[in-house]
Each structure stands twice: as structure tokens, then as C-alpha cells.
Amino acid sequence: MHLLIMTGMIMIMGKTAAQSHCDPITQYEKAGQCCRMCSPGTSMSAQSTCLEPQCTECGEKEYQDKYNSERQCHRQPYCDPNKNFQSSTQESKKKRTTCLCELGFHCSSEACLTCVPHTACTPGHWAQSTGNHTHDTVCQKCPEGSFSTSNSWNSVCTKWTE
Ligand SMILES: *[C@@H]1O[C@H](CO)[C@@H](O)[C@H](O)[C@H]1NC(C)=O
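Under the annotation held in an unreviewed UniProt entry, the protein carries the name Tumor necrosis factor receptor superfamily member 5-like and is attributed to Solea senegalensis.

A. Quick peek at the side chain of T97. Position of T97 among the secondary structure elements: in the loop between β6 (74-75) and β7 (105-107). Leaving out residues up to four positions away in the same chain, T97 has contacts with Q76, P77, C79, S88 and E91.

B. Broad picture of the site of the ligand. As a structural note, the neighbourhood of the ligand is formed by S129, N132 and H135. Between the ligand and S129 there is a distance of 3.2 Å, counted from an oxygen atom to a side-chain nitrogen or oxygen. Note that an oxygen atom of the ligand is positioned 2.4 Å from one of the side-chain N or O atoms of N132. Expressed as a share of its isolated accessible area of 360 Å², the protein-covered part of the ligand is 36%.

C. View of the nonpolar core. Ranked by size, the top nonpolar core spans seven residues in total: C79, F85, C99, C101, C107, C112 and C115. Counting the residues that make up this core, at least three belong to each of domain 1 (25-102) and domain 2 (103-162). In this view, C101 contacts N84, F85, Q86, H106, C107, C112, C115 and H133; residues no more than four positions away in its chain are not counted. Core analysis: the second largest hydrophobic core is formed by six residues, Y28, M37, C38 and M44 among them.

D. Expanded view of the side chain of S152. Within the fold, S152 resides in the loop between β11 (146-147) and β12 (158-159). A polar side-chain atom of S152 sits 2.9 Å from a polar atom in the side chain of N154. Engagement of the side chain of S152 in a polar contact is seen with the backbone nitrogen of S155, the distance being 3.3 Å. Filtering out sequence-adjacent residues up to four positions away, S152 remains in contact with A120 and C121.

E. Region of the structure containing the environment of A127. In this fold, A127 is placed in strand β9 (residues 125-129). Distance from A127 to V138, taken between C-alpha atoms, is 5.7 Å for residues 11 residues apart in sequence. Sequence-distant contacts of A127, that is, excluding residues within four places in its chain, are made with C121, T137, V138, W153, N154 and S155.

F. Spotlight on the pattern of salt bridges. Summed over the entire model, instances satisfying the criterion amount to two salt bridges. Among the salt bridges present, the one from E57 reaches K93, with a minimum N-O distance of 2.9 Å. With E57 in strand β4 (residues 55-57) and K93 in the loop between β6 and β7, this residue pair connects regions lying 36 residues apart in the sequence. Of the residues examined, E57 reaches a relative accessible area of 56% and is grouped as exposed.

What counts and what doesn't
- Residues numbered from 1 in each chain as written.
- Predicted model: local features only at pLDDT ≥ 70, side-chain atom pairs only at ≥ 80, totals over all residues.
- Heavy atoms only, no water.
- Helix = DSSP H or I, 4+ residues; strand = E, 2+ residues; numbered from the N terminus.
- Contact = heavy atoms within 4.5 Å.
- Near = heavy atom within 4 Å.
- Polar contact = N/O pair within 3.5 Å; in protein donor to acceptor, adjacent residues only side chain to side chain.
- Areas by Shrake-Rupley, 256 points an atom, 1.4 Å probe, with all protein chains shown as cover.
- Core = buried A, V, L, I, M, F, W, Y, C linked by side-chain atoms within 4.5 Å.
- Buried < 20%, exposed > 50% of the residue type's maximum accessible area, 1.4 Å probe, protein only.
- Domains from an automatic or database assignment.
- Salt bridge = Lys/Arg side-chain N within 4 Å of Asp/Glu carboxyl O.

Pasting the structure below:
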């Protein structure tokens, strides 16, 4: 048992020591040598050598957000209008697209797999905090002397005229 832990520690320490002379962001190690990675927005093709990587630009709807030695770029997420996402327009090959909810909708969970409609404030209530991409609308009773007849996520109260 003791011996196993010791062996594990030596292996971890050995690995860290070997990697420490390469730049952790732009280089990778191969056979004790520091090799160049491809820059964000590209992936590495098979003909690459350690010091002369052949980098291929990511295709449409693809991205690579880091320096990498991967053979392929990642697919951008699809912002599905059927799940109430806005269709993404400005996509970068260097960044994963974040799908945004349509106006009037917010993420159903932290992972935001789908967007759900904001709560509608019933008549007599107003949207004290208007919903956005991540938060639902918070409704409040209209203050004394005001009213609201609408049933919506962004309703306001109107003062009674005297
Ligand atoms: C969304 O609304 C919440 C609650 O009002 C607020 O804390 C948050 O900053 C808002 N987010 C954006 C992106 O406006």
C-alpha cells in the first residue's frame, strides 16, 4: 500500500518535471522535446512535425478556443429556435458560441439546454425585476393608488388619475 502511493507520487513528480520546460499554453511535449501547437481557430493536420506544425483553419460552424495539437476543430453548438434560442449570427472560429434565449425567455437551468418563457405578472402586479437570459421575471403587487391590467412579464403599474 505504502509502496503504491510512493510510486504514484514519483510518477506525478516525474511528469511535472518533464513538462516544466515547455510553455504550457503554446507547446506540447513529445519525446522530451517541446513542440509547437496550432493557434486558436485552427487544428493540426497529420503531416505536422514537432517544430513545423501544419495548421488548418476551422471550417464553418467550427471552433478551437485554445492552442492545440488536435486533428479537428470542435463543432459549434446549434442554437435551436425550437428551444427558444436566438439563432446565432456572429460566430467566431476562436470561441465557443453561447446560445442566447429569445426576448421573453430565460434558461431552464444553469446548463441552459432550453429556454422557457418568463413568468407573466398577473393583473395588479408589475415586473419589479424584468427577466433576462439567465433570470426569470420577479413580480410585485402594485403599490397603493396604482394598477395594472396586463398579464405580462414586463408589466408596469399606472397611477390612478384623480
Ligand atoms: C439578469 O437579471 C439578474 C436579476 O435581476 C441580474 O442579477 C443579472 O445581472 C442580469 N443579467 C444580465 C446579463 O443582464
